[in-house]
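The primary structure of each chain is shown beneath.
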Amino acid sequence: MRYISTRGAAPVIGFDDALLTGLARDGGLYVPEEWPQVSTEALEDLKGLDYPELAVRIMRPFVAGSLIEDRLPELAAKAYESFGHKAVVPLVQLGPNLWMMEQFHGPTLAFKDVAMQMLGQLFDAVLEAKDQHITIVGATSGDTGAAAIEACRGRKRINIVILHPKDRVSEVQRRQMTTVQAPNVRNLAIEGTFDDCQDLLKAMFNDQPFRQEVGLSAVNSINWARVMAQIVYYFAAGAALGTPQQRIAFSVPTGNFGNVFAGYAAMQMGLPVSRLIIGSNANDILTRFFASGEMSIRAVRPSYSPSMDIQVSSNFERFLFDLYGRDGAVTAGAMTEFRRRGVLHVNADQAQQARGFFQGYSLDDDATLQAIRRIYEETEEIVDPHSAIGIEAAHVLHTAREGPVVCLATAHPAKFPDAVEKAIGRRPDLPPRLSDLYEREEAMTVLPNDLAQVQNFVRGGPFPAAAA
Ligand SMILES: *Cc1c(COP(=O)(O)O)cnc(C)c1O
């Protein structure tokens, strides 16, 4: 498979380079040159496969031509071993046509593990095949950093440094990062905000000599391989609930548009999906876009679902590229304009086309707490604020003629105990394998918001960094 940039002006590359590169040189995102097709017979054949086997069937065309193509079954088996449930992403029935897919059985209790665990395996295998080492540096406001650390811990060819704003992430989130004891993992608490951490990261990526010196790489949500690994569970839900004979709908709580974009990709590949419902919190830029055809940025507002406190959804550019007929120049123009003026328009036809795939619904914090309460009273399931938003959006928008709806539950309720307690008066327990999180020893380094000091820290990794 060959990968092209959404802005049409970067080299066309193969899977291995798309994995290691992340952002394309022209500022765009890599997408497959075409969507591989899964035939009706192939959909039928997915029934009864276990999750790693099904993952290999779906991911195989995307890694065609990769140095590690033949190792895919072994890598998938290892990636999903770390999950606390045999089904990896088990389905739970909440009502006659309503299902919840629990995506929080991975090591850090959030859906990002599902893709990140696979990504860790892929990185290691490709780096081994190329005989390279890399340094992954990331900035996190919560879930992503922990998932990245868990995916990279102990890997021989990866040195990982995660920056977080000191005293500005929750205790569970901090401990999930700082209690990992592995020689290739280091945590940096920056005396500043999340934006300061992101600016430091950007400055490191813009420093070409430094980038070369340490072999800098990223695992943020624009990495194609993360989207690829997320496509798998849409097919898994379909196989369990009756595709290809039965159409199904999905409801997805959204921030960076990464999780739900994978659902769109599954549709393009031939999964019979009736609709993708998008749930957002008060940061409802996507919901407003699908209603009006205009995307306009407002200030980010903190909410009980912090992993969706985002205004610019980075993966949206991949959908826009398709909406603009895969014209890189048009996409590049629209994105540049959007960055400059904070507004993006599509024409009436394109808006109509977009609504054919997606519909949004947004809940403010009060409505989110009410949703957690209603779901608990009606089903006895305790859900986290992000998952509740998706379930409530489906409750409002979904109709029975669209087939069953699968709501993606993206975090374990114990990751957001304060909001859950406010809603139902009860604090959810951490699952047994994390129950000693508060006793584990923490390790991190505190540094001021100073680029030179941070770069020095990154340089001092556990192995001499080789140029990537
Ligand atoms: C990251 C995250 C989301 C949003 O996913 P996107 O791919 O950014 O849309 C939703 N819920 C939780 C718990 C998350 O960690």
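Quick note: structure is the one above.
Residues numbered from 1 in each chain as written. Predicted model: local features only at pLDDT ≥ 70, side-chain atom pairs only at ≥ 80, totals over all residues. Heavy atoms only, no water.

A. Representation of helix α17 (residues 385-397). Taking 1.5 Å of rise per residue, 13 residues should cover 18 Å, and α17 covers 18 Å from first to last C-alpha, within 8% of that figure. α17 sits mainly inside the fold: 11 of its 13 residues count as buried. Those residues of α17 not exposed but buried are Pro385, His386, Ser387, Ala388, Ile389, Gly390, Ile391, Glu392, Ala393, Ala394 and Leu397. (Helix = DSSP H or I, 4+ residues; strand = E, 2+ residues; numbered from the N terminus. Expected span 1.5 Å × (residues − 1). Buried < 20%, exposed > 50% of the residue type's maximum accessible area, 1.4 Å probe, protein only.)

B. Spatial organisation of the packing of helix α8 (residues 194-206) against helix α19 (residues 451-459). One can describe the packing of α8 onto α19 by two numbers: an axis separation of 11 Å at closest approach and a directional angle of 70°. Here α8 lies roughly perpendicular to α19, going by the angle between them. In this structure, α8 crosses over α19, and the sense of that crossing is right-handed. Touching Leu200, Ala203 and Met204 of α8 are Leu451, Val454, Gln455 and Val458, all from α19. Residue composition of the contact of α8 with α19, by class: 6 nonpolar, 1 polar and no charged. (Axes fitted to C-alpha atoms, helices over the stretch in contact; angles between N-to-C directions. Parallel < 35°, antiparallel > 145°, perpendicular 65-115°, else oblique. Left-handed = near helix turned anticlockwise from the far one by under 90°. Contact = heavy atoms within 4.5 Å. Nonpolar A, V, L, I, M, F, W, Y, C, P; charged D, E, K, R; others polar.)

C. Looking closely at the sheet that holds strand β16 (residues 445-448). An order of β9-β6-β7-β8-β16 is seen for the 5 strands of this open sheet, with the pairing classed as parallel. Strands at the two margins of the open sheet, each flanked by one partner only, are β9 (216-217) and β16. For strand β8 (residues 185-191) and β16, the ladder comprises 4 bridges, and the chain directions are parallel. Looking at the pairing, alanine 189 lines up with valine 446 of β16. Its contacts with the sheet place α8 against β6 (134-139), β7 (158-165), β8 and β9, and it is angled at close to 150° to β6. (Pairing = 2+ DSSP bridges.)

D. Just the pairing of β7, in detail. By the criterion of burial, β7 is predominantly enclosed, with 8 of the 8 residues buried. Covered by surrounding structure in β7 are Ile158, Ile160, Ile162 and His164 together with Asn159, Val161, Leu163 and Pro165, the residues of both alternating faces. Alignment of β6 against β7, held across 6 bridges, turns out to be parallel. Along β7, the bridge assignment pairs threonine 135 with asparagine 159. For the crossover that starts at β6, traverses helix α6 (residues 143-152) and ends in the parallel β7, the hand is right-handed. As defined by bridge partners, β7 adjoins β8 across 6 bridges and the pair is classed as parallel. Bridging from a neighbouring strand, proline 165 pairs with isoleucine 190 of β8. Taken together, β7, helix α7 (residues 171-178) and β8 form a β-α-β motif whose crossover is right-handed. (Right-handed = clockwise from strand over helix to strand, strands pointing away.)

E. Broad picture of the packing of helix α4 (residues 72-81) against helix α5 (residues 112-130). Direction vectors running N to C along α4 and α5 enclose 135°, while the axes themselves pass 9 Å from each other. Accordingly, the angle class assigned to the pair α4 and α5 is oblique. Relative to α5, α4 is oriented so that their crossing is right-handed. On α5, the residues that touch Leu72, Leu75, Ala76, Lys78, Ala79 and Tyr80 of α4 are Val114, Gln117, Met118, Gln121, Leu122 and Ala125.

F. Expanded view of the sheet that holds strand β2 (residues 13-14). A sheet is described by the order of its strands in space; here 3 strands give the open sequence β2-β1-β3, paired in antiparallel fashion. Edge strands, defined here as strands with exactly one partner in the open sheet, are β2 and β3 (30-32). Note: strand β1 (residues 2-5) against β2, 2 bridges, orientation antiparallel. Bridge pairing in β2 places tyrosine 3 opposite isoleucine 13.

G. Broad picture of the environment of alanine 77. In this structure, alanine 77 sits in helix α4. For the pair alanine 77 and asparagine 184, spaced 107 residues apart in sequence, the C-alpha separation works out to 23 Å.

H. The site of the ligand, seen in detail. Close to the ligand lie 15 residues; Lys112, Asp143, Gly255, Asn256 and Thr410 are nearest. Within the contact set of the ligand, an oxygen atom lies 2.5 Å away from a side-chain nitrogen or oxygen of lysine 112. At 2.9 Å from an oxygen atom of the ligand is found a main-chain nitrogen or oxygen belonging to glycine 255. Isolated, the ligand exposes 380 Å² of accessible area, and the fraction of that covered by the protein chains is 97%. (Near = heavy atom within 4 Å. Polar contact = N/O pair within 3.5 Å; in protein donor to acceptor, adjacent residues only side chain to side chain. Areas by Shrake-Rupley, 256 points an atom, 1.4 Å probe, with all protein chains shown as cover.)

I. Expanded view of the pattern of salt bridges. A full pass over the atoms with the stated rule returns 25 salt bridges. The salt bridge partner of aspartate 124 is arginine 155, with a shortest N-O separation of 3.5 Å. In this pair, aspartate 124 sits in helix α5 while arginine 155 sits in the loop between α6 and β7, placing the two residues 31 residues apart along the sequence. When its relative accessible area of 17% is taken as the criterion, aspartate 124 is described as buried. (Salt bridge = Lys/Arg side-chain N within 4 Å of Asp/Glu carboxyl O.)

J. Main features of the packing of aromatic side chains. In total, this model carries 27 aromatic pairs according to the counting rule given. For the ring pair phenylalanine 319 and phenylalanine 357, a centre distance of 6.1 Å and an interplane angle of 85° mean the geometry is edge-to-face. Note that phenylalanine 319 is positioned in helix α13 (residues 316-323) and phenylalanine 357 in helix α15 (residues 348-357), a separation of 38 residues in sequence. Exposure class is identical for phenylalanine 319 and phenylalanine 357. Each is buried. (Phe/Tyr/Trp six-rings, centres within 6.5 Å; stacked < 30°, edge-to-face > 60°.)

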